[in-house]
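Structural characterization, general
Chain by chain, the residues run as shown.
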Amino acid sequence: MPIIAPSILTADFLHLADACKIINESEADWFHLDVMDGRFVPNISFGMHIIKQLRKQGRKFFDVHLMILEPEKFTEEFRDAGADGLTVHLEACPHLHRNIQLIKSLGMKAGVAINPHSPVLLLKDVIRDIDLVNVMTVNPGFGGQSFIPYSIQKIKDLRQLITETGSSAKIEIDGGVSLDNAKEILQAGADVLVTGTAVFSSDDPAGMISKLKNL
Ligand code: DX5
Ligand code: ZN
């Protein structure tokens with residue numbers, strides 16, 4: 001069964017406790033928390049303060065996706081705010097290997113995200129060091145965009161790389177995931193589905209989570 005990681009990015013920020021409750025009480029496995037700095041991506045979302053608040057009630061794995069430059073400056077703060085896993089962008093890290101080691105030394109799972117234009121082969125040398133690859137299937141920065149079709153081939157390529165290298169990294173798919181494409185994404189080799197709009201724009205978020213979980 002896939003790991004379902006709802007993103008609160010498109011939830012109602014006046015009622016974040018409700019979003020938290022939905023995730024806690026549903027079949028979702030993780031909270032996916034999208035942090036944006038207005039520099040690496042053309043949008044600003046939220047930071048460690050909100051994560052710390054959510055941590056008071058959130059009872060599942062906190063999967064924090066940093067869409068920020070110089071993530072090493074804040075790695076410890078995100079750990080202290082409650083991150084269980086921290087994902088940094090390949091494109092934002094000239095010293096990616098060092099960042100991965102830092103995340104792990106602070107006791108978190110280490111993830112690397114790649115933008116749609118970045119080939120999975122760029123991960124070849126670090127793939128055994130990481131716990132998660134976030135394959136961005138839209139351009140990062142906004143919820144509610146359409147899944148980029150060529151991503152299916154990228155997922156297959158990444159699955160092959162992971163198998164060949166004996167890596168235990170999970171493949172997480174982020175952007176434009178819905179009931180329409182989730183099956184194909186899983187068949188291509190994905191382990192984790194991030195879902196923002198599909199869940200929080202639905203009349204029945206818990207029902208949608210259950211459908212995705214039990215495809
Ligand atoms: C986009 C974020 C995603 C986003 C997914 O930059 O990384 O996690 O919230 O939202 P949907 O499911 O609406 O594409
Ligand atoms: Zn994300």
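For the structure, check the block above.
Anyway, here's the lowdown on the structure attached to this text. (Residues numbered from 1 in each chain as written. Chains lettered and ligands numbered in written order. Predicted model: local features only at pLDDT ≥ 70, side-chain atom pairs only at ≥ 80, totals over all residues. Heavy atoms only, no water.)

With parallel pairing, the eight strands of this open sheet are ordered in space as S1-S8-S7-S6-S5-S4-S3-S2. Edge positions in the open sheet fall to strand S1 (3–6) and strand S2 (30–36), since each of these has one partner strand only. Neighbour-to-neighbour, the strand axes of this sheet turn through a mean angle of 25°, independent of strand direction. Across three bridges, the pairing between strand S3 (residues 61–67) and strand S4 (residues 85–89) is parallel. Paired with His65 across the two strands is Thr87, which belongs to S4. Strands S2 and S3 of the sheet are contacted by helix H2 (residues 48–55), whose axis makes an angle of about 170° with S3. (Pairing = 2+ DSSP bridges. Helix = DSSP H or I, 4+ residues; strand = E, 2+ residues; numbered from the N terminus. Axes fitted to C-alpha atoms, helices over the stretch in contact; angles between N-to-C directions. Contact = heavy atoms within 4.5 Å.)

Bringing the environment of Phe147 into the picture now. Position of Phe147 relative to the elements: it lies in the loop between strand S6 (132–136) and helix H5 (151–165). Note on Phe147: relative accessible area 14%, which makes it buried. Once the C-alpha coordinates of Phe147 and Asn43 are considered, the two residues, 104 residues apart in sequence, prove to be 19 Å apart. Those residues in contact with Phe147 that lie beyond four places of it in its chain are Thr137, Val138, Ile152, Ile173, Gly175, Gly176, Asn181 and Ile185. (Buried < 20%, exposed > 50% of the residue type's maximum accessible area, 1.4 Å probe, protein only.)

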